[in-house]
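Structural features, examined
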Amino acid sequence: MSISTSPSSVLTPKLHYDNDEDVALLTAINDEHGGVIVEMKDPMNSTDFSISLRTSLTNWKKQGIKGVWIKLPIKLANLIEVVVQEGFLYHHAEPTYLMLVRWLPNTQHTIPANASHRVGIGAFVMNDNREILVVQEKNGILRGSGFWKFPTGIVEQAEDIHVGAIREVKEETGIDTEFVEVLAFRQTHKSFFEKSDFFFLCLLRPLSFDIHIQELEIEAAKWMPIEEYAEQPFVQNHELLKYILDVCLAKIDKGYSGFSPVQISATFFGQEREDCLFLNSRDFNH
């Protein structure tokens, strides 16, 4: 079950009334899996909301509705307790809203879990002198360690991996780059508030060379000979960093091929969207 909707599933946006009790039912739209979504927007007295919610739940049960999603904007935080008292659980939260959900049938639920992974990137940027772009962080666990590392960062919501990699390099170092390919990726668990983490090692080609650091997060940045980078004790003693370096060298010296992005226009159930497929373009084209 998901919380996606289709245009044909939108109910008439008006208040509905229970004929017996003359109580305003909550306006909802159908999702694609036998559930409904209630998106609260206007202020409502918690007592009136409680009555409407309870009556709506009774009505939805009669209709055979399975899952009920309620989206509460932060300005309606006063209604959270009412929803929880009716058996709803937190599903996920964003800066401006909280999403709660309840499974109505007396069966095992099929409600999907909240997003399970965070996506990060590491940028391998090398110039023609076999110097790589490295930074020292001003914050975090590596602060003050003296370790020079690749620029890294988190991909933003609705941002493609290759776009995020270019942005992070620009933000941290001021260097303009062209994305080439994903060289490898790593998965780890319980990394960030119990969430799993995908880390994509990306190869980028520099388009500029004068460094201008992001003073809020970066202590220093420079172009460093790759041999000097490899000699750092932290690299020598860290298995993951050694693997990452070996992959980068295999790309530069041995023709290793990673995955390049291909933009694809896809249509699913009448909804058009732009997807990004990463593939080994060298072998694919042969």
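Residues numbered from 1 in each chain as written. Predicted model: local features only at pLDDT ≥ 70, side-chain atom pairs only at ≥ 80, totals over all residues. Heavy atoms only, no water.

Some remarks on the overall build of the protein
Per the secondary structure count, the protein includes seven helices and 15 strands. Judged by the C-alpha coordinates and their principal axes, the protein covers about 80 × 50 × 35 Å. Expressed as a percentage of its 286 residues, the buried residues of the protein come to 40%. Considering only contacts in the protein between residues 6 or more positions apart, those separated by 24 or more positions represent 62%. On the protein, roughly 17000 Å² of surface is accessible, and the fraction owed to carbon and sulfur atoms is 53%. In the protein, the 26 positive side-chain charges and the 40 negative ones have mean positions that sit 4 Å from each other. (Helix = DSSP H or I, 4+ residues; strand = E, 2+ residues; numbered from the N terminus. Buried < 20%, exposed > 50% of the residue type's maximum accessible area, 1.4 Å probe, protein only. Contact = heavy atoms within 4.5 Å. Areas by Shrake-Rupley, 256 points an atom, 1.4 Å probe, with all protein chains shown as cover. Lys, Arg positive; Asp, Glu negative; His and termini not counted. Charge placed at Lys NZ, Arg CZ, Asp CG, Glu CD.)

Concerning the pattern of salt bridges
Taken as a whole and judged by the stated rule, the model has 16 salt bridges. Between glutamate 156 and arginine 167 there is a salt bridge; the shortest N-O distance is 3.7 Å. In this pair, glutamate 156 sits in the loop between β10 (152-154) and α3 (161-173) while arginine 167 sits in helix α3, placing the two residues 11 residues apart along the sequence. Residue classification places glutamate 156 among the partly exposed residues on the basis of a relative accessible area of 46%. The salt bridge involving glutamate 171 is made with arginine 167; its shortest N-O contact spans 3.2 Å. (Salt bridge = Lys/Arg side-chain N within 4 Å of Asp/Glu carboxyl O.)

A few points about the pairing of strand β8 (residues 117-125)
The sheet contact formed by β8 and strand β12 (residues 195-206) spans nine bridges and is parallel. The residue bridging valine 125 from the neighbouring strand is leucine 204, located in β12. In the sheet, β8 pairs with β10 via three bridges, with the strands oriented antiparallel. For glycine 122, the partnering residue across the bridge sits in β10 and is threonine 152. (Pairing = 2+ DSSP bridges.)

Comments concerning the side chain of serine 56
As for its placement among the helices and strands, serine 56 is situated in helix α1 (residues 46-63). At a separation of 2.9 Å, a polar atom in the side chain of serine 56 contacts the main-chain amide nitrogen of leucine 26. Setting aside residues up to four positions removed in sequence, serine 56 forms contacts with Leu25 and Leu26. (Polar contact = N/O pair within 3.5 Å; in protein donor to acceptor, adjacent residues only side chain to side chain.)

Concerning a nonpolar patch on the surface
Side chains of Val262, Ile264 and Leu277 sit close together on the surface and give an oily, nonpolar patch of about 210 Å² of accessible area. Its place among the elements puts valine 262 in strand β14 (residues 260-268). (Patch = residues over 30% accessible without salt bridge, like charges linked within 9 Å, V, L, I, M, F, W, Y side chains within 5 Å.)

Quick word on the sheet that holds β8
Taken together, four strands build an open sheet; the order of strands is β10-β8-β12-β11 and the sheet is mixed. A single partner strand is all that each edge strand has here, and the edge strands are β10 and β11 (177-192). Taken over all neighbouring pairs, the strand axes of this sheet differ in orientation by 25° on average, direction set aside. α3 rests against β8, β10, β11 and β12 of the sheet, and its axis sits at about 60° to β8. Docked against the sheet, helix α6 (residues 239-254) engages β8, β11 and β12, running at close to 160° with respect to β11. (Axes fitted to C-alpha atoms, helices over the stretch in contact; angles between N-to-C directions.)

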